[in-house]
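Chain by chain, the residues run as shown.
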Amino acid sequence: GQNIDQPTEMTATEGAIVQINCTYQTSGFNGLFWYQQHAGEAPTFLSYNVLDGLEEKGRFSSFLSRSKGYSYLLLKELQMKDSASYLCAVRVSGTYKYIFGTGTRLKVLA
Amino acid sequence: GAVVSQHPSRVICKSGTSVKIECRSLDFQATTMFWYRQFPKQSLMLMATSNEGSKATYEQGVEKDKFLINHASLTLSTLTVTSAHPEDSSFYICSAPDGQSYGYTFGSGTRLTVV
């Protein structure tokens, strides 16, 4: 079966660093994606990993270990506007389909 | 960048009526469109995959006669919720691979409320 797990909620302080973990067990793997979604809005693409290692894009970094079925999204220098849900998604090999994780609601406090 | 225009953004309908949701790719050809449903504080659940010129593929547990999907052109895919009931109230959102980035482009979503 397909299973993607993330913590349900996290809280962090403005200016801090937060790491959101994602573990997955899927039948086939063709990339792991992170999306940000503000309440009532569409998800926006943040990052993509298909090989093991760290991908850095400004304040956001994402890490992947395929052997462990594990990824994390690292957010640095947190801002209030980073309060949102963060969705981990695995693209199933042989298709364009995403399987989304449960999502992590991040609250950034002043 | 690539844009998927989704309409309407909000709709309230009476129980038993049908509602059509449209997703248009504005500056690229969407041969594939994914339709998701999202309940409050939950993640996106894939309902079906539409492909231009062929029948949609539905995920397990999704009633194809209730959620009619049409993908008649390379820029338009529609989802019709037939005989809507209050339990169909949800956030419906479409997305498509745009060929320009690794991630997919999402529509802005439709908040459906059935009363």
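Residues numbered from 1 in each chain as written. Chains lettered and ligands numbered in written order. Predicted model: local features only at pLDDT ≥ 70, side-chain atom pairs only at ≥ 80, totals over all residues. Heavy atoms only, no water.

Once that is clear, we can look at the interface of chain A and chain B. Counting residues at the interface gives 19 residues for chain A and 20 residues for chain B. Our count for the chain A to chain B interface comes out at one salt bridge. K97 of chain A serves as the salt-bridge partner of E59 of chain B, at 3.1 Å between the closest nitrogen and oxygen. There are five residue pairs in polar contact (both at pLDDT 80 or more) connecting chain A and chain B. When residues of the side of chain A that touches chain B are traced back to their parent elements, those giving at least two are β4 (32-37), β5 (44-49), β9 (84-91) and β10 (98-100) of chain A. Here the side of chain A that touches chain B gets three residues from one element, more than from any other, and that element is β4 of chain A. For the side of chain A that touches chain B, the per-class residue count stands at ten nonpolar, five polar and four charged. (Contact = heavy atoms within 4.5 Å. Salt bridge = Lys/Arg side-chain N within 4 Å of Asp/Glu carboxyl O. Polar contact = N/O pair within 3.5 Å; in protein donor to acceptor, adjacent residues only side chain to side chain. Helix = DSSP H or I, 4+ residues; strand = E, 2+ residues; numbered from the N terminus. Nonpolar A, V, L, I, M, F, W, Y, C, P; charged D, E, K, R; others polar.)

The next point concerns the confidence of the model for chain B. In this model, chain B carries an average pLDDT of 92, and 99% of its residues clear a pLDDT of 70 or more. The least confident element of chain B is strand β10 (residues 104-106) of chain B, whose mean pLDDT is 89; the most confident is strand β3 (residues 19-25) of chain B, at 97. (pLDDT = per-residue confidence, 0-100.)

The general pattern is negative phi for most residues beyond glycine and trans for most peptide bonds. Residue and element names in this part refer to chain B. Across the junction of H7 and P8, the peptide omega takes the value -5 degrees, indicating a cis bond. By the element assignment, P8 lies in the loop between β1 (4-7) and β2 (10-13). Backbone geometry places K41, a non-glycine residue, at a positive phi of 60 degrees. Inspection of the secondary structure puts K41 in the loop between β4 (32-38) and β5 (45-51). You can call K41 exposed: its relative accessible area is 70%. Within the chain, S83 stands out as a residue other than glycine whose phi angle is a positive 45 degrees. Tracing the backbone shows S83 in the loop between β8 (76-81) and β9 (90-97). Residue class for S83 comes out partly exposed when judged on its relative accessible area of 35%. (Buried < 20%, exposed > 50% of the residue type's maximum accessible area, 1.4 Å probe, protein only.)

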